[in-house]
Amino acid sequence: MDSTPTVIAGTGVAFGAPGVSPTWSSSDKDYVTTALDGPRLWATIGHGIINEVYWPSTGQPQVRDVTFYLIGTNRWIDLKRERRYRVATPKPYLPALTIAHYGDDYELMLEVLPDPLRDVLLVRYRLEGPYRLAAIVAPHLGSTGRGNSAWVDDGAGFARNGTYALCVAADQPLEQLSCGFVGASDGWQDLNRHGQLTWRFERAENGTVALSAELSGTIGVLALGFAGSPYGALTRARTALAADFDALRTQFLAQWEQWGSRLRLPRPDEGLGDLALLSAAMLKIHEDRAYPGAVVASLSVPWGNSTDSLGGYHLVWPRDATLTAFALLAANQIEDVRNILAHLIAVQRRDGHWPQNYFPGGEPYWLGIQLDETGFPVLLAAKLAELGVPELPGTAQMVRAALEFIARSGPSSPQDRWEENPGVNPFTLAVLIAALVAGAAWLLPDEREYALSLADDWNDRLEAWCYVRDTALAREAGVEGYYVRIASPDATGHIGERVQLRNREGESISAATLVSLDFSYLVRLGLRSAQDARVQDTIKVVDRVLKVDTPSGAVYHRYNDDGYGEYPDGKPFDGNGVGRAWPLLVGERGHLALQSGMDPLSHLHTIRNCSSPGGLLPEQVWDAAPIPAFELVPGRPSGSAMPLLWAHAEFLKLLVAREQRRPVELLQAVQRRYTSPSSSSSSGPRRPVAHHWRNEVPLIHLPHNRDLLIEDRQPFSLHFGVNGWERSEDRAARPLPFGLWGVRLTAADLAGAEELNFTRCYQRGWENVDHRVILGQAEFTHALLPAE
């Protein structure tokens, strides 16, 4: 390993001169590419070879890898293992890739080009040196290595699994063409045993297979064609080979240039400016062609060399897709944003929520519910409306259905944004409150009134659920208190005692000591001022507990004692492990710095420093001592997903927010309601007129002059009294918006009483629980917002 591959922006030249110390990682992606418009093929590049090839959708990897070898008289060279190569693109947003492999006595140029007209991947090669070029293709048709069949016919190689077919052909004769079973009779076994390709097997049925061949001559083009039948794959491959490669490349670049001409991004320096253009291209590359607007989280499988998962990250997460849309909006790609929103409208479930994740066609994969994923599309629609972008058909119906689901299900979510724990989470709650406020404009008057009342209540009670004071950690950090990562409110309506840690074999931790950057969205979305003492204190705690210094800069963990990452000895995550540092969280910390009045430039540089040699941003970076055996280097990509669109989106949003002095996601309606000077009075921030009592988040103390709305999802009769059941009476619940039922006790109803006592009777009978609310005591403590 003699060089570090680098993409040089704005030129067709790549450098990574011999003698430069390499910074390799176990993550295997250097770049990702696709053609725009018609074709439905995506290729990923890593370690100087082709990794996964996806077709006909971003959710369907069909090839595990295409590896290249040099065969000489006395030796053969595995180029993936040599790692002496450079990767170049004409411009950061033009994904026409050139890979240059070089050694003491050879140079191999590989131009990787998705055909802009067909479902074909083309690789033009030029070899100099005393070697013959060979390629081994590992089909994983049907997104699995199992059940594949391969054969040789008519000078080409074929593979098939069900309705997926692959053809490997070339414009020069394929010599020593063979197929075999991986680990037994594949081309690598042939090379390893004989030093050259000698086998000529014609068929390998129903297993994990590979195709191998020598490419004739020193100049030529290799084609991988995909179709629903072997005949179709052959036709596509040979049609592409019959076309002029340079003309196809020109057309490919013209399509991307047209898209890139609309980009408007800041350029503080060359490095950050180039990463911004590349990041925008990464977001666009991950959009599906068969289902426009469907954006997968990553064309990768975390720790993919240790799993055969059908899912990986090539799925759509509504949260990641919406955050990608906000980043594209910041980059001035309005139509792409509208396509994403149109797709989200199309796949919304009938009850108003979105699946945890799903294939680009809308088929759910994991079935969990994360309420922030129901709120985010509402925020996106509201942002487009705020900017005056014409409204898409179906927007009003989508917003109303989403808000109904939020109103009926919140504020506690079955899963948080890390897909691990149920409860009330500051990140999720911030999104829900902002969605209720921003989406209210699409509601009928009675629905609007209810949605805003619910938002005000949740906003007012947020600290009771998610903020702790006078803990040992607070005393160690020298602060009064801080926001916690998540809480499951107990019978008192306050934070429960312990939270189970996922990925840590069932360990649990005190909820009061579990911290994260999730609170940052309270500021990002305008619910709390960055100058709020509670926010500043939490920043101090997070910097103390979650920050880890690396050669790339200060990077942050998701939360303390996280288990999602490699083991201490470098072994891949297998359901348990040790959580590593996430570059995207540097972006969240940078937004906090920006909103606190500081320049986040250093955070942007740290994110860039975490990128791969090709400029891709990983999910995680290694944050411990180097482990050469696993290619783990501090501050560099680990074996987690790469590229991670969430990370690229966060970088873009922070870059644009730095220039505009305002987060992209911040909506005027939310800011006006909660953190602008007009939202506060001399007695503090906006107070709710009524509090909403629910089983999941019971209210224990009701301040003076507040109404109490006792509500449920089904009809009931309320039996209530005061001061130990005095003045008892019954009231039937009345229909509320969004299919809810409730009884409203006004401040006048409760005047002069010290406590409220109540129970409920349903169609099935009494609930057999007596509830008590202490009247006239404040449950919540707010820090006054500074004048702005």
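Residues numbered from 1 in each chain as written. Predicted model: local features only at pLDDT ≥ 70, side-chain atom pairs only at ≥ 80, totals over all residues. Heavy atoms only, no water.

J.: So what about the overall build of the chain? Which residues, and what values?
T.: The helix and strand tally for the chain stands at 18 helices and 33 strands. The C-alpha radius of gyration of the chain comes to 29 Å, within 12% of the 28 Å expected for a compact globule of 788 residues. When the backbone C-alpha atoms are referred to their principal axes, the chain occupies close to 100 × 50 × 50 Å. Counting contacts in the chain only where the partners sit at least 6 residues apart, residues at least 24 apart contribute 68% of the total. A total of about 27500 Å² of accessible surface is found on the chain, and carbon and sulfur atoms cover 49% of it. Across the chain, the centroid of the 73 positively charged side chains sits 2 Å from that of the 92 negatively charged ones. (Helix = DSSP H or I, 4+ residues; strand = E, 2+ residues; numbered from the N terminus. Rg over C-alpha atoms; globule rule 2.2 N^0.38 Å. Contact = heavy atoms within 4.5 Å. Areas by Shrake-Rupley, 256 points an atom, 1.4 Å probe, with all protein chains shown as cover. Lys, Arg positive; Asp, Glu negative; His and termini not counted. Charge placed at Lys NZ, Arg CZ, Asp CG, Glu CD.)

J.: I'd love a proper account of the sheet that holds strand β7 (residues 97-102), names of residues and values included.
T.: Strand order in this open sheet of 9 strands is β6-β7-β8-β9-β17-β13-β12-β11-β15, and the pairing throughout is antiparallel. Looking at the sheet topology across the chains shown, the edges are occupied by β6 (85-88) and β15 (203-207). Averaged over all adjacent pairs, the angle separating strand axes in this sheet is 15°, with direction ignored. Taken together, the 8 bridges between strand β8 (residues 107-114) and strand β9 (residues 120-128) define a ladder with antiparallel strand orientation. Looking at β9, one finds that Val112 is bridged to Val123. Relative to strand β17 (residues 219-227), helix α3 (residues 230-242) is tilted by about 145°, and along the sheet it contacts β9, β11 (148-153), β12 (156-161), β13 (164-170) and β17. Packing against the sheet, helix α4 (residues 245-260) makes contact with β8, β9 and β17, and its axis sits at approximately 55° to β8. (Pairing = 2+ DSSP bridges. Axes fitted to C-alpha atoms, helices over the stretch in contact; angles between N-to-C directions.)

J.: Which residues make up the pattern of salt bridges, and what values do they have?
T.: Taken as a whole and judged by the stated rule, the model has 55 salt bridges. For Glu631, the salt bridge is made with Arg83, and the minimal N-O distance between the two is 2.9 Å. One end of the pair, Glu631, is in the loop between α16 (601-609) and α17 (645-660); the other, Arg83, is in the loop between α1 (79-82) and β6, with 548 residues separating them in the sequence. A relative accessible area of 21% means that Glu631 is categorised as partly exposed. A salt bridge links Asp154 to Arg238, with the nearest nitrogen and oxygen atoms 3.0 Å apart. (Salt bridge = Lys/Arg side-chain N within 4 Å of Asp/Glu carboxyl O. Buried < 20%, exposed > 50% of the residue type's maximum accessible area, 1.4 Å probe, protein only.)

J.: If you had to explain the sheet that holds strand β29 (residues 734-735) to someone new, which residues and values would you point to?
T.: Reading across the sheet, the 4 strands line up as β24-β26-β30-β29 and stay open at both edges, with mixed pairing between neighbours. At either margin of the open sheet sits one strand with a lone partner, and together these are β24 (690-693) and β29. Summarising the sheet, strand β26 (residues 707-712) and strand β30 (residues 741-745) pair through 5 bridges and their orientation is antiparallel. Residue Leu708 lies in a different strand from β30, and its bridge partner there is Leu745. Along the sheet, helix α11 (residues 445-466) makes contact with β24 and β26, crossing β24 at roughly 85°.

J.: Explain the environment of Ala430 residue by residue, including any values.
T.: For Ala430, the location among the structural elements is in helix α10 (residues 426-438). Residues Ala430 and Tyr521, spaced 91 residues apart in sequence, show a C-alpha to C-alpha distance of 6.1 Å. Apart from residues lying up to four places away in sequence, Ala430 is in contact with Tyr521, Leu522, Leu525 and Leu527.

J.: Describe the environment of Gln620, with residues and values.
T.: Of note, Gln620 is situated in the loop between α16 and α17. Each C-alpha atom of the pair Gln620 and Pro735 lies 48 Å from the other, and the pair is 115 residues apart in sequence. With residues up to four places along the chain from it excluded, the contact list for Gln620 reads Trp303, Tyr564, Gly565, Gly579, Arg580, Ala581, Trp582, Pro583, Arg636, Pro637, Ser638 and Ser640. Looking at Gln620, its side chain comes within polar contact range of the side chain of Glu619, at 3.3 Å. (Polar contact = N/O pair within 3.5 Å; in protein donor to acceptor, adjacent residues only side chain to side chain.)

J.: Give me the lowdown on the side chain of Asp30, citing residues and values where you can.
T.: In this structure, Asp30 sits in the segment before β1 (31-34). Look at Asp30: it is buried, it has no salt bridge, and the nearest opposite charge is Arg83 at 8.3 Å.

J.: Outline helix α6 (residues 318-330), listing residues and values.
T.: Along its 13 residues, α6 runs 18 Å from first to last C-alpha, staying within 8% of the 18 Å computed at 1.5 Å per residue. Counting buried positions along α6 yields 13 of 13 residues, so the element is predominantly enclosed. Of the residues flanking the end of α6, it is Asn332, one or two places downstream, whose phi is positive at about 80°. (Expected span 1.5 Å × (residues − 1).)

J.: Requested: an account of the nonpolar core, with residues and values cited.
T.: The biggest cluster of nonpolar side chains holds 227 residues, and the ones touching the most others in it are Phe68, Leu222, Leu224 and Leu379. Of the residues forming this core, the biggest block, 11 residues, is contributed by α10. If sequence neighbours within four positions are ignored, Phe68 has contacts with Ile49, Ile50, Ile77, Asp78, Leu79, Leu110, Val123, Leu133, Ala134, Ala135 and Leu222. The next biggest cluster of nonpolar side chains, apart from the first, holds 19 residues, and it includes Leu702, Ala733, Val743 and Val773. (Core = buried A, V, L, I, M, F, W, Y, C linked by side-chain atoms within 4.5 Å.)

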